[in-house]
Amino acid sequence: MEQIIQQLINGVSLGSIYALIALGYTMVYGIINLINFAHGDIYMMGAFVGYAITTFLGLGFIPSLIISMVACSILGMVIEKIAYKPLRNSSRISLLITAISVSLFLQYIMVYFVGPETRTFPNVLESNRITFFDGSVILDTKNIYILVITVILMCTLQYVVRRTKIGKAMRAVALDKEAAELMGINVNKVISYTFAIGSALAGAAGVLVGIYYNTIDPLMGSGPGLKAFVAAVLGGIGLIPGAVFGGFFLGLVETIVSAYGGSVYKDAVAFAILIIILLVKPAGLLGKNVKEKV
Amino acid sequence: MKKKLSAVLSMVLSLGLLAGCAGGATSTSGGGTSDTIKVGVNYELTGEVATYGVNLNDGVQMALEEINANGGVLGKQLEIVTVDNKSSDTEAANVSTRLATRDKVVALLGPATSGNTKAASPAAMQNKIPLISGSATADDVTVDANGKVRDYIFKTCFSDSFQGVMMAEFALGDLGFTNAAILADSSSDYAQGLAKAFRDTFAANGGTLLSEEAYQAGDKDFKAVLTNLKATNPEVLFVPGYYEEVGLIVRQARELGLNVPILGGDGYESPKLTEIAGAENLNDVYYSSHYSPNDTAENVVAFNEAFNAKYSKSPDAFNALGYDMGYLLKDALERAGEADTEKLKVALEETDGFEGVTGVLSIDDNHNPVKSVTIIEMIEGVPTFLKKLDPK
C-alpha cells in the first residue's frame, strides 16, 4: 500500500513536468498545425537561462523562473520569425523538417558555447521531506512546488485562451486562418503570441526540471521533448486539457512500468502508446473525431 | 587463411621498412640506436577523452624522465616518441603501426580507453611488440572472444569484472552484509561486467541477492525503481555505473529515505559526483578505485610530492597509473637484460610483485594484473582513502 502511494507520488511529479512541456506543443499545433520539435530545446534553453541567473546573478527561485520565461518567449518569437514564418504557406513536411533542424541547431550551438558536460543546478528551493505511514512514504516539498506551479500555469493559460481578447483571436485563427484575417485579426501577431506563451511554459518547465533533478545539459531537451509530444498526441493534439491529461497519464504509465520491473522498457512503452493511439484513435483520448478540411 | 594474410602483410610491411631504412642505421633488435631505447607513447592528447590521455601521459613522461635522470635503463637512455591519437580508433591504430614500423620502438604504451587499445592492438601483435595499457579496463583487451590470450598485449589496471568481485568481497567481508540489491546501467558493458561479477561472487560466498533492477544511461528519474528496491529492504545497494547517473541515484535514494550503503566501481571517480548528489547525501558510499592521493604508504607519499613539484597539482588515478606503467617498463627491461621485444614480452609475463604507487602488481596468465584495489569511502561528499583490499 505504502509502495503504491509512493509510486503515485513519483508518477504525478514526473507527469506534471511532461504536462507543462506538452502544453506548449499543443498550443502551437492548435494554431498553426506545426509540430514544433524545437520545443524541447527551448525548454533546455530555459533551464540554462535559469542556471545562469541563479548561479551568476544569485537571484532566487521566483525571479529566475520569471526571467527564464521571458527569455524563452522572446526566443520562441525569434525562432518563429526566422525559421517558420517564411515557410508558412509551404507544405507541412518542410515546416516539420525545419523544426527538426532548429532543434538540432539549438542543441549544438549550446554544446559549442557551454560544452557538453552536465552542470548542476543550484539548490534554490528549500527541500523538506514530509513523511507519512511512519516514514515509509516520503513527499518532497519540491514535488509540491512543481505540481502547484504547473497547475497555476495551466489555469492561467486556460484563462488567457478562454477569457481574453488575444485568446479569442487565437481560437479564431485556429478555426480558420483566412476567415480570421478577413475579420480584422492580425494573424502574424497572434501566431507570435502563441509562440511566446508556449515557449514561456517551456522555459518554466526547464527551470523546474533543473531544480527537481538538479542536473542540466545541452541535450536534455530531446528526451522530454519527445515524451511531451507523445503526451500531447495522447490527450488529443491541439487540446489544452488533453495535453495536461496526456502528461499525467504518461508520467504514471512510466512509473507503473518501472514499478513492475520494466524500467528498461519504459521508453518503449511510451512510444508503443503513441503508435497505438495513432492507429486506434488519432484524435487522442479527449479529442473528437473531426473530418480533415479539404 | 588469416595466418597467410598476416604473413603476407607483415612481409609487405617489412619490405617497405627495409626500403625506408636503406642507408640509415639498421637496428635489428628493435628499440632505437645503440645508446638509446625507443619507447612509443600512443595517447589521446586531444579529442573527447583527452583528459584521460593527457593525465596518463603526464604520469608516463614523469616516470620516463625520472628514469633517464637516474641513468636510464641497461646503461641506455630512453627515447620517448609521443604521438597523439586524437581519441579516435582509426588514429590509435595508425599511430600504433607508425610507432611499431617506422620508429621501431621496443614497447608501446597506451592508449587510454579500452576501445582505442583494442584498435591499437593488431599492429602490436603483427609486429610482435609488447603493448601495455594502464587504463583499459575491459575484460577483452588482453583476451580475445575465444578466450585466447593476445600474446603481446598487457594491462596494468584491473579489469571491470575484478572490481565487481572485490566489491562483493568487501560487502560480505568488511561490511558484514548478507543481502544486497543491484541497480545496474543496462546500456554499458562496463556496468554489466561489474554487476555480473558482483552477483556471482556475492552468491558464491553465501550472500543473498534480493532484487535486481536496471536503468539506462541518460535516465534522470530513478524514483520508481528505487521505491521498488526499498520495498525489499536490502542491507546494501550495488550500483555499477558512471557518476552522472550514480549522482542522481544517490540523491534520489536518500530523498526516498533509502539510507543503506551504496557500493560501486571506478566510474564514481569524479568531482561531479559530489556536485550532482549533493555533499550532504554522499555518506556511506564506497567504491573501488586504482589509487588514492590520501594513501599514506611511503612510495605514494613520495610520488605525490614529486608530482606536485613537477605539475603543481595533486595526482589523480590516471597520473598514478601512467607513472606505474613507466616504471614497470623499466623493471621488465632490466629483467629482460636487453632491449629486445621478445625478451621484454617474456619479462612482462613473469612480472611478480612489482611495487607501484597503485599497488603491488603481478601479471597473471591472461596478461591481467593481480593487484590490490583501493577502497574509497565518501564522507560528506569527500572521497576518503579507506583501505587497500588484496585479492584472495
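One can find the structure itself at the top, above this paragraph.
Residues numbered from 1 in each chain as written. Chains lettered and ligands numbered in written order. Predicted model: local features only at pLDDT ≥ 70, side-chain atom pairs only at ≥ 80, totals over all residues. Heavy atoms only, no water.

Some points on the overall build of chain A
Heads up, the condition is: To qualify as a helix, a DSSP run of H or I must reach at least 4 residues; to qualify as a strand, a run of E must reach at least 2; elements of each kind are numbered from the N terminus. Values of the radius of gyration come from C-alpha atoms, whereas the globule rule sets the reference at 2.2 Å times the count of residues to the power 0.38. Between buried and exposed lies partly exposed: a residue is buried under 20% and exposed over 50% of the maximum accessible area for its type, with that area taken using a 1.4 Å probe on protein chains only. Throughout, a contact is declared for two residues whenever any of their heavy atoms are within 4.5 Å. Using a 1.4 Å probe, the Shrake-Rupley method yields the accessible areas, and only the shown protein chains count as cover for residues.
Check the secondary structure of chain A and you find eleven helices and four strands. At 19 Å, chain A has a C-alpha radius of gyration in line with the 19 Å of a compact globule built from 294 residues. Burial status across chain A gives 52% buried among its 294 residues. Considering only contacts in chain A between residues 6 or more positions apart, those separated by 24 or more positions represent 75%. By element, 69% of the accessible surface of chain A is carried by carbon and sulfur atoms, the whole surface being about 13400 Å².

Re the sheet that holds strand S13 (residues 369-371) of chain B
Residues and elements named next belong to chain B. Counted only if it meets this: Strand pairing requires that DSSP identify at least two bridges connecting the strands. Every angle, taken between N-to-C directions, lies between 0 and 180 degrees, and every axis is a line fitted to C-alpha atoms, over only the stretch in contact when it is a helix.
If you walk across this open sheet you meet the three strands as S11-S12-S13, and the pairing is antiparallel. What marks the edges here is a single partner per strand, and that holds for strand S11 (354-356) and S13. Strand-to-strand twist across the sheet, computed as the mean angle between neighbouring axes with direction ignored, equals 35°. Strand direction decides the pairing type here: S11 and strand S12 (residues 359-363), joined by three bridges, are antiparallel. Bridge assignment links glutamate 355 to a residue of S12, and that residue is valine 360.

Examining the packing of aromatic side chains
Residue and element names in this part refer to chain B. Let me state the cut-off plainly: Two aromatic rings from Phe, Tyr or Trp, using only the six-membered ring of Trp, form a pair when their centres are within 6.5 Å; if the ring planes differ by under 30 degrees the pair is stacked, by over 60 it is edge-to-face, and anything between is tilted.
For the structure on display, the rule yields 23 aromatic pairs over all chains. Ring geometry for tyrosine 190 versus tyrosine 242: centroids 5.0 Å apart, planes at 20°, classification stacked. Of the two residues, tyrosine 190 is situated in helix H6 (residues 189-204) and tyrosine 242 in the loop between strand S8 (236-238) and helix H8 (243-255); the sequence distance between them amounts to 52 residues. Taking relative accessible area as the criterion, tyrosine 242 reaches 39% and is therefore assigned partly exposed. Look at tyrosine 323 and tyrosine 327: their rings are 5.2 Å apart centre to centre, the planes differ by 55°, and that puts the pair in the tilted class. Taken together, the residues tyrosine 323 and tyrosine 327, both in helix H11 (residues 317-336) and four residues apart, mark about one turn of the helix. Here a set of aromatic residues connected by ring pairs shows up, and it is made of Tyr291, Phe303, Phe307, Tyr311, Tyr323 and Tyr327.

Points about the sheet that holds strand S2 (residues 77-84) of chain B
Residue and element names in this part refer to chain B. Read from one edge to the other, the open sheet built from five strands follows the order S2-S1-S3-S4-S5, with strand pairing classed as parallel. Of all strands in the sheet, those bounded by a partner on one side alone are S2 and strand S5 (153-155). Pairwise comparison of adjacent strand axes, ignoring direction, gives a mean angle of 25° for this sheet. Note: strand S1 (residues 36-43) against strand S3 (residues 107-109), three bridges, orientation parallel. Residue valine 39 lies in a different strand from S3, and its bridge partner there is alanine 107.

So, the pairing of S12(B)
All names here are of chain B. A large share of S12 lies buried, amounting to four of its five residues. Two strands pair when backbone bridges link them, and S12 and S13 are joined in this way by three bridges, in the antiparallel orientation. Counterpart to leucine 361 in the pairing with S13 is lysine 371. A loop of five residues connects S12 with S13, the two strands running antiparallel in sequence, and histidine 367 in this loop sits at a positive phi of about 65°.

Details of a nonpolar patch on the surface
In plain terms, the rule: A patch is a set of surface residues, each over 30% in relative accessible area and not in a salt bridge, joined within 9 Å for like charges and within 5 Å for the nonpolar side chains Val, Leu, Ile, Met, Phe, Trp and Tyr. Counted as salt bridges are all cases of a side-chain nitrogen of Lys or Arg within 4 Å of a carboxyl oxygen of Asp or Glu.
Taken together, Ile62(A), Ile66(A), Val70(A), Ile74(A), Val78(A) and Ile82(A) make up a surface patch of nonpolar side chains, about 550 Å² in accessible area. Take Ile62(A): it is sitting in helix H3 (residues 61-84).

Quick notes on the environment of Ile152(A)
All names here are of chain A. With respect to the secondary-structure elements, isoleucine 152 resides in helix H5 (residues 141-163). Isoleucine 152 sits in the partly exposed class, given a relative accessible area of 48%. A sequence separation of 90 residues divides isoleucine 152 from glycine 242, and the C-alpha atoms of the two residues are 17 Å apart.

Quick word on the interface of chain B and chain A
Basically, it comes down to this: We define buried area as the total accessible area lost by two parts upon association, computed with a 1.4 Å probe and summed across both. We call two N or O atoms a polar contact when they sit within 3.5 Å, provided that within protein one can donate a hydrogen and the other can accept it, with sequence-adjacent residues counted only if both atoms are side-chain atoms. In this count, Pro and Cys sit with the nonpolar residues alongside Ala, Val, Leu, Ile, Met, Phe, Trp and Tyr, while Asp, Glu, Lys and Arg are called charged and the others, Gly among them, polar.
Between chain B and chain A, the residue contacts involve 27 residues of the former and 30 residues of the latter. Between chain B and chain A lies a buried interface of about 2300 Å² when both sides are counted; carbon and sulfur atoms form 44% of it. Considering only the surface of chain B that becomes buried against chain A, Lys220(B), Asp221(B) and Glu255(B) emerge as the three largest contributors, covering 24% of it. Joining chain B to chain A, the criterion identifies three salt bridges. A salt bridge links Lys266(A) to Asp219(B); the nearest nitrogen and oxygen atoms lie 3.2 Å apart. On the surface where chain B and chain A come into contact, there are 18 residue pairs in polar contact (both at pLDDT 80 or more). Breaking the side of chain B that touches chain A down by element, the ones donating at least two residues are strand S7 (208-215), helix H7 (223-231), H8 and helix H9 (271-277) of chain B. A total of seven residues in the side of chain B that touches chain A trace back to one element, the largest contributor, which is H7(B). Looking at the side of chain B that touches chain A residue by residue, the classes come out as eight nonpolar, seven polar and twelve charged.

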